[in-house]
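Chain by chain, the residues run as shown.
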Amino acid sequence: MQLAVLYRLPLAVARAVLAALHGRLCALCWSLQPLSRPLSLPGWRRVSALSPVYPAGPRQERDDDDSASLTPTSVNYHFTRQCNYKCGFCFHTAKTSFVLPLEEAKRGLAMLKEAGMEKINFSGGEPFLQDRGEFVGKLVQFCKQDLKLPSVSIVSNGSLIRERWFKKYGEYLDILAISCDSFDENVNILIGRGQGKKNHVENLHKLRQWCREYAVAFKINSVINRFNVEEDMNEQIKALNPVRWKVFQCLLIEGENSGEDALREAERFVISDEEFERFLDHHRDVSCLVPESNQKMRDSYLILDEYMRFLNCRNGRKEPSKSILDVGVEAAIKFSGFDEKMFLKRGGKYVWSKADMKLDW
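Think of each chain on its own: its residues are numbered from 1, step by step along the sequence as written. In view of the model being predicted, local features appear only for residues whose pLDDT reaches at least 70, and side-chain atom pairs are presented and counted only at 80 or more, with totals across whole chains, interfaces and linings using the full set of residues. To obtain the side-chain values, all non-hydrogen atoms of the structure were included, while hydrogens and water were left out.

K.L.:
Just checking my understanding: could you explain the overall build of the protein for this structure?
P.N.:
Helical segments are the DSSP runs of H or I of at least four residues, strand segments are the runs of E of at least two, and each set is numbered from the N terminus. A tally of helices and strands in the protein yields 13 helices and 12 strands. With 361 residues in all, the protein has 53% of them scored as buried. Working rule for contacts: check all heavy atoms of both residues, and any pair within 4.5 Å makes them a contact. Nonlocal contacts in the protein, meaning residues at least 24 apart in sequence, comprise 73% of its contacts between residues at least 6 apart. A 1.4 Å probe and the Shrake-Rupley method give the accessible areas. Residues count as covered only by the protein chains that appear here. For the protein, the accessible area works out to roughly 17100 Å², and carbon and sulfur atoms hold 50% of it. Think of it in three bands: with a 1.4 Å probe and only protein chains considered, a residue is buried below 20% of the maximum accessible area for its type, exposed above 50%, and partly exposed in between.

Here's what the structure looks like:
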């Protein structure tokens, strides 16, 4: 795209296009690894001639005394931002198309294991978009078979998962979490989980059955928002019987689903704390319910982006650290904004290995 065209686009669209171009340039650098002289891009840095180019982290990074002893016990690795759905409240949007090469992703995961990681959760975007699920499958197998992590999980919208994936990789996966915000297909379409003639709810039941057959713990994630806050989900959740039903309150993150440079406009999905509490109260008899308000969620997750940078959400935006592949886990995690006490308070550590779960598959 010529720069002249960008001048005629709205600011938010132009920024999104430029971000996508950055991702493509970053991926291109990998194909030029044999070059003796490293590439350099304005505002970007390279570790060595054989390392990828990563966007630089914030110039001023905060060093908290409490962060010196942080352990990455549970990490959420959003290795791709690409998705086949367009959920209106999404707070990790497709700003780049970059995905680390498999071996570099494995190297970063091994570094995290060395630093104390016990659980890895692969997310996106949609994890099964990359190489039709082979990429995430190989990472799952590596983490369980080579790193011997106690827990390996995936969060997916479920639309691209096939039974052959379970046959090949199911034994290495502890938990599969499927995002389902409504059991009314019209509401799913309003939210952005519609995909042609495919029925999201019917697919959910099919995935539930595969999890039983291939001994994978089944979990459901729901984002409570303006379109589903009045819905009664008691009967459907009890019938599916997930090991956990994670219920999130719709959250605004500037630059992702809120603000002029965002790819989504989630303001119309937002509900009040009181509305969220009423929804929880209406579903209080669901034994697997795990509620997470905005207060609990914002700083209690360790999130790695597609460049393996920790994302600090304390200021209402996702401010990246430097990549762990560049500076190491200990240096990068200091700027993650991670609230370890809130992580433990919200029940972030639980029985997360299927070997320890007494489940009737």
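K.L.:
I tried to follow the packing of aromatic side chains on my own but got confused; where do I start?
P.N.:
Aromatic ring pairs are described here by two measures, namely the spacing of the ring centres and the angle between the planes. Two rings from Phe, Tyr or Trp (for Trp, the six-membered ring) form a pair when their centres sit within 6.5 Å of each other. Planes less than 30 degrees apart are called stacked, planes more than 60 degrees apart edge-to-face, and all others tilted. Overall, the coordinates contain 15 aromatic pairs when judged by the stated rule. Ring geometry for phenylalanine 166 versus tryptophan 210: centroids 5.9 Å apart, planes at 55°, classification tilted. On the criterion of sequence distance, the pair formed by phenylalanine 166 in helix 5 (residues 163-169) and tryptophan 210 in helix 7 (residues 200-213) is long-range, its members being 44 residues apart. Under the relative-accessibility criterion, phenylalanine 166 is labelled buried at 2%. Considering the side-chain rings of phenylalanine 338 and phenylalanine 343, the 5.7 Å spacing of their centres and the 55° angle between planes classify their relative orientation as tilted. You can call phenylalanine 338 buried: its relative accessible area is 6%. On the accessibility criterion, phenylalanine 343 (4% relative accessible area) is buried. Note on geometry: a ring has a charge over it if NZ (lysine) or CZ (arginine) is within 6 Å of the ring centre and within 35 degrees of the ring normal. Here the basic side chain of arginine 244 rests over the ring of tyrosine 350, its NZ or CZ set 3.6 Å away from the ring centre. Lying over the aromatic face of tyrosine 301, arginine 346 brings its terminal NZ or CZ to 3.8 Å of the ring centre.

K.L.:
Looking at this structure, I do not really get the environment of methionine 111. What am I missing?
P.N.:
Turning to its location among the elements, methionine 111 is positioned in helix 3 (residues 102-114). Residue classification places methionine 111 among the partly exposed residues on the basis of a relative accessible area of 22%. Through-space distance from the C-alpha of methionine 111 to that of glycine 328 is 7.6 Å; in sequence the pair is 217 residues apart. Not counting the four nearest positions on each side in its chain, methionine 111 is found in contact with Ile324, Leu325, Gly328 and Val329.

K.L.:
Which parts of the structure should I look at to understand helix 9 (residues 273-282)?
P.N.:
For an α-helix, the turn length of 3.6 residues means that residues three or four places apart are oriented alike. Residues of helix 9 that are buried: Glu275, Phe276, Phe279 and Leu280. Down the axis of helix 9, the smallest arc covering the buried residues is 140°, so these residues share one side. Those residues of helix 9 that are exposed and aimed more than 90 degrees away from the buried face are Glu274 and Arg278. Check the buried side of helix 9 and you find it contacts strand 7 (217-224), strand 8 (244-249) and strand 9 (289-292). By arc we mean the arc of the directions from the helix axis to the C-beta atoms, nothing more.

K.L.:
Which parts of the structure should I look at to understand the environment of aspartate 299?
P.N.:
Here aspartate 299 is to be found in the loop between helix 10 (294-297) and strand 10 (303-304). Distance in space between the C-alpha atoms of aspartate 299 and phenylalanine 338 is 5.3 Å, their sequence separation being 39 residues. Those residues in contact with aspartate 299 that sit more than four places away from it in its chain are Cys313, Arg314, Gly337, Phe338 and Asp339.

K.L.:
Is there a simple way to think about the pattern of salt bridges in this case?
P.N.:
For side chains of opposite charge, pairing can occur when their charged atoms come near one another. Just to be clear on terms, a salt bridge is a Lys or Arg side-chain nitrogen sitting within 4 Å of an Asp or Glu carboxyl oxygen. Scanning the model with the defined rule gives 13 salt bridges in all. A salt bridge links glutamate 292 to lysine 246, with the shortest nitrogen-to-oxygen separation between them at 3.4 Å. Of the two residues, glutamate 292 is situated in strand 9 and lysine 246 in strand 8; the sequence distance between them amounts to 46 residues. Both residues of the pair, glutamate 292 and lysine 246, belong to the buried class. As a salt-bridge pair, glutamate 292 and arginine 346 come within 3.2 Å of each other at their nearest N and O atoms. One end of the pair, glutamate 292, is in strand 9; the other, arginine 346, is in the segment after helix 13 (340-345), and 54 residues separate them in sequence. With relative accessibility at 10%, the residue arginine 346 sits in the buried group.

K.L.:
What is the right way to read the side chain of serine 293 from this model?
P.N.:
Mapped onto the secondary structure, serine 293 falls in the loop between strand 9 and helix 10. Setting aside residues no more than four positions away along its own chain, serine 293 makes contact with Gln249 and Phe276.

K.L.:
Please explain the nonpolar core as it appears in this structure.
P.N.:
Here is a general trend for soluble globular proteins: nonpolar side chains tend to be buried in one another's company. The nonpolar core is taken to be a set of buried Ala, Val, Leu, Ile, Met, Phe, Trp, Tyr and Cys residues, with the residues joined through side-chain atoms within 4.5 Å. Among the nonpolar cores identified, the biggest contains 68 residues, and Tyr77, Leu109, Ile120, Phe122 and Trp245 are the most heavily contacted of them. Of the residues forming this core, the biggest block, 6 residues, is contributed by helix 4 (residues 134-146). Counting residues in each nonpolar core, the second largest holds 13 residues, with Tyr85, Val187, Phe248 and Ile303 among its members.

Nothing here speaks to function; it is geometry throughout.
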